[in-house]
Amino acid sequence: GPMVRRPGAGGWAGARLRGGGVGGRARRGGGAPRGGGGGVGVQAPPRVAILATGDELALAGTTLRGAQIYESNGAMLQALVREAGGVSLPPATVVDEPDAVLAALERLAPTADLILTSGGASVGDHDHLPALLLREGALHFWKVQLKPGMPAIFGEFRGTPILALPGNPVSAYVTFLKLAVPALRALQGLPPPVPQRWRGRLKAPLRKAHERAEFRRARHDFDADGQLWIEPIGTPDSHRIHALGMASVLVEMPAGHVNWEAGTVVEVEPIEEWMT
């Protein structure tokens, strides 16, 4: 009768029960056992070391002294690594001294498949990573045509890949999405992410006068007619982490000058979809 399930009816002829290069989501886990497969090869999640650099950093729960600020990138990057399928080692901090940075990297490199740093990657007197990698490892690229996030670095230290993100939290977040997520997926044998893109209308003007591509924080909603509206949040300053927490999408602004009026149709990327 119709309530009787025939052998093999859980799939169809020729279907692959389990292929390579896909994430281990729970909904995919039953295919091979259901077909009688004895086992499935898996890859261990990449181990990621996180290092925040800066003389000004203080740990949460301590008393700030002078011009110190609380270190926040470590916790944010730790959560992002986990969402991207990696395993985060306990975040560490280090002062802006070349020997201290070198010692920290020497301690972390043997334990990690990827090192993520924040800060120390720009051109200031206390930004030691570019010279250190040139001397002690490899510097594959330095600086990208992106805002926020221009002073990003990709290189190697003692054979371990290192991705140096800017110290400002919004810059660190955006460059993680654009650079670290593809790297972590590659380390898991997965293809690069293909982020969703939506088209909506701006609630307010958006302008920029520089040549880099830019991703601006915004939130979205729908009106009664189903129209998607995009509301930019705050200023583009990359230290304003509160506005990042309020955002649900990133507005993609192409290279070159942009002068968009309210009502302009723009493309946005939903932030949370980057990790799927």
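Since this is a predicted model, take the numbers as computed values, not measurements.

Q: Would you mind going over the overall build of the protein with me for this structure?
A: Within the protein one finds six helices and 17 strands. For the protein, the residues scored as buried account for 40% of the 276 residues in total. Restricting to contacts in the protein with at least 6 residues of sequence separation, those with at least 24 account for 65%. For the protein, the accessible area works out to roughly 14800 Å², and carbon and sulfur atoms hold 54% of it.

Q: It is not clear to me how the pairing of strand β6 (residues 114-118) should be interpreted in this structure. Could you clarify?
A: On a regular strand, one side chain projects to one face of the sheet and the next to the other, so that they alternate. Taking burial as the measure, the five residues of β6 include five buried ones, the bulk of the element. The side-chain alternation of β6 yields two buried faces, one formed by Leu114, Leu116 and Ser118 and the other by Ile115 and Thr117. The pairing of strand β1 (residues 47-53) with β6 spans five bridges and is classified as parallel. Of the residues in β6, the one forming a bridge with Ala52 is Ser118.

Q: In this structure, what is going on with the pairing of strand β11 (residues 198-202)? I would like to understand it.
A: Pairing geometry for β11 and strand β17 (residues 265-270), over four bridges, is antiparallel. Looking at β17, one finds that Arg201 is bridged to Val265. Where β11 and strand β14 (residues 228-232) come together, two bridges link them in parallel fashion. Bridging from a neighbouring strand, Leu202 pairs with Ile230 of β14.

Q: Honestly, the packing of aromatic side chains in this entry has me stumped. Any pointers?
A: One pair of aromatic rings is described through two measures. These are the centre distance and the angle between the planes. Under the counting rule described, the total for this entry stands at one aromatic pair. Residues Phe141 and Phe154 carry aromatic rings whose centres are separated by 6.0 Å and whose planes lie at 35 degrees to one another, so their mutual orientation is tilted. Separated by 13 residues along the polypeptide, Phe141 in strand β7 (residues 137-142) and Phe154 in strand β9 (residues 153-157) bring together distant segments of the chain. A cation over a ring is seen here: Lys143 above Trp142, with NZ or CZ 5.1 Å from the ring centre.

Q: How should helix α5 (residues 169-187) be read in this particular structure?
A: The periodicity of an α-helix, 3.6 residues per turn, causes residues three or four positions apart to be oriented the same way. The sharpest bend along α5 comes to roughly 45 degrees, located at Phe176. Judged by how many residues are buried, α5 sits mostly within the fold: 14 of 19 residues are covered. Just downstream of α5, Gly189 is the residue with a positive phi angle, here 75 degrees.

Q: Mind showing me how you'd approach helix α4 (residues 129-136) here?
A: Turning to α4, its buried residues number three or more, namely Leu129, Pro130, Leu132 and Leu133. Seen from one end, α4 has its buried residues packed into an arc of 165 degrees, which puts them on one side. With respect to the buried face of α4, the exposed residues turned more than 90 degrees away are Leu134 and Arg135. Tucked inside the fold, the buried residues of α4 contact α3 (98-108), β6, β7, β9 and β10 (160-165).

The rules behind these values
Residues numbered from 1 in each chain as written. Predicted model: local features only at pLDDT ≥ 70, side-chain atom pairs only at ≥ 80, totals over all residues. Heavy atoms only, no water. Helix = DSSP H or I, 4+ residues; strand = E, 2+ residues; numbered from the N terminus. Buried < 20%, exposed > 50% of the residue type's maximum accessible area, 1.4 Å probe, protein only. Contact = heavy atoms within 4.5 Å. Areas by Shrake-Rupley, 256 points an atom, 1.4 Å probe, with all protein chains shown as cover. Pairing = 2+ DSSP bridges. Phe/Tyr/Trp six-rings, centres within 6.5 Å; stacked < 30°, edge-to-face > 60°. Lys NZ or Arg CZ within 6 Å of the ring centre and 35° of its normal. Bend = angle between axes of the 7 residues up to and from the residue. Arc of directions from axis to C-beta.

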